[in-house]
Amino acid sequence: MSKVDLKKDLKHLYSPPASFSLVDVPPLRYLMADGHGDPNSAPEYAQAVQALYAVAYKLKFLSKNQTGQDYVVMPLEGLWWAADMSAFTTARDKTAWDWTMMILQPDWITQEMLEDVAGQLARQKALPALPRVRLETYHEGLAVQILHIGSYEEEAPVLQRLHREYLPENRLEPAGKHHEIYLGDPRKVVPEKLKTVLRQPVRRLS
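Here is what the cut-offs are and how they apply
Per-chain numbering applies: the sequence of each chain, read as written, is numbered from 1 onward. The predicted nature of this model means local features are confined to residues of pLDDT at least 70 and side-chain atom pairs, given and counted, to a pLDDT of 80 or more, with totals for whole chains, interfaces and linings taken over all residues. To obtain the side-chain values, all non-hydrogen atoms of the structure were used and water was disregarded. Whether two aromatic rings pair depends on their centres lying within 6.5 Å, for rings of Phe, Tyr and Trp, where Trp uses its six-membered ring; planes under 30 degrees apart make the pair stacked, over 60 edge-to-face, and the rest tilted. Put simply, DSSP H or I for four residues or longer makes a helix, DSSP E for two residues or longer makes a strand, and each gets a number counted from the N terminus. Definition used: whenever NZ (Lys) or CZ (Arg) falls within 6 Å of the ring centre and also within 35 degrees of the ring normal, the charge is taken to sit over that ring. Put simply, a salt bridge is a Lys or Arg side-chain nitrogen that is within 4 Å of an Asp or Glu carboxyl oxygen. Type-normalised accessible area, obtained with a 1.4 Å probe on protein chains alone, sets the label of each residue: buried when under 20%, exposed when over 50%, and partly exposed for intermediate values.

> Would you explain the packing of aromatic side chains in this entry?
The way to describe two aromatic rings as a pair is by their centre distance and the angle between their planes. Throughout the structure, instances matching the rule amount to 7 aromatic pairs. Between Y71 and W108, the ring centres sit 5.9 Å apart and the planes meet at 75 degrees, which makes this aromatic pair edge-to-face. Placement of Y71 in strand β4 (residues 70-71) and of W108 in the loop between β6 (98-105) and α5 (111-124) is noted, with a sequence separation of 37 residues between them. Among the aromatic residues, ring-to-ring pairing joins Y45, W80, W97 and W99 into one connected group. One residue, K60, lies across the ring of F61, its end atom 6.0 Å from the ring centre.

Rendered as C-alpha cells:
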C-alpha cells in the first residue's frame, strides 16, 4: 500500500525558501479547533492540540482500514490574530491572542469519517476539546510566506519586516489571518533549529 505524503505533494507550501515569496494557496481541508489565550499556558490550547492529534491519528487508521488509503499525518498549523494586531506582531501579548489550530487532511476524509472517529474517541478517553474539532475547507489564495529558522520568540522581527517593508514595497496588504506551520517538534528540537513556515494572506493594491 502506497502512503500519501502531502508535504511532498504540496512542497511549494511546506518547504518554502528562507526569503519572502508569493504563493497561491488552493482550497485545502483541515481538522480545526478554535480558542483564545497564551499557547504556552492556556489549558484550552493544550486541550485543543491533544484532541486534534487524537482525531488525526484515528482518522489515518480508519482511512487505511476502510478505504485502503494510507497517508502521513501532517504537522500542526495555526491561524493567529488579535483585536489589536500589534499584540501579535510587536508587543507579543500572548494573552490577547485568538487562534485556530489545524491539521491538513487528504481530500477523501469526510465528515462521516470524522463523526465515526469522534464517537470512538469519546468512548475511549477524556478529551475536553473533542466537541470543538471540526472538518473545514480553508482557502487562503494569494499569500506571502517565508521559512523561519529559530525560536518562536524570534518571529516578531520577521513579521515586522513583512508588514513594514515587503508588503508596502510590493503594493500588497494583509487580507487574512496570520498562518504558521510547525515543521519542528519543540519537544525534540532545540529552539534555534526549529523550522516554521510563516504565511500571510494578501491582496494587491490597485
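> It is not clear to me how the pattern of salt bridges should be interpreted in this structure. Could you clarify?
Oppositely charged side chains are able to pair whenever their charged atoms sit close together. Following the criterion strictly, the structure yields 8 salt bridges and no others. Of the charged contacts in the structure, one is a salt bridge between E153 and K94, with a shortest N-O distance of 2.5 Å. Residue E153 is found in the loop between β8 (141-149) and α6 (155-169), and its partner K94 is found in the loop between α4 (86-89) and β6; the two are separated by 59 residues along the sequence. Given the relative accessible area of 12%, K94 is considered buried. Each of K3, K60 and D70 takes part in a single network of salt bridges with overlapping partners.

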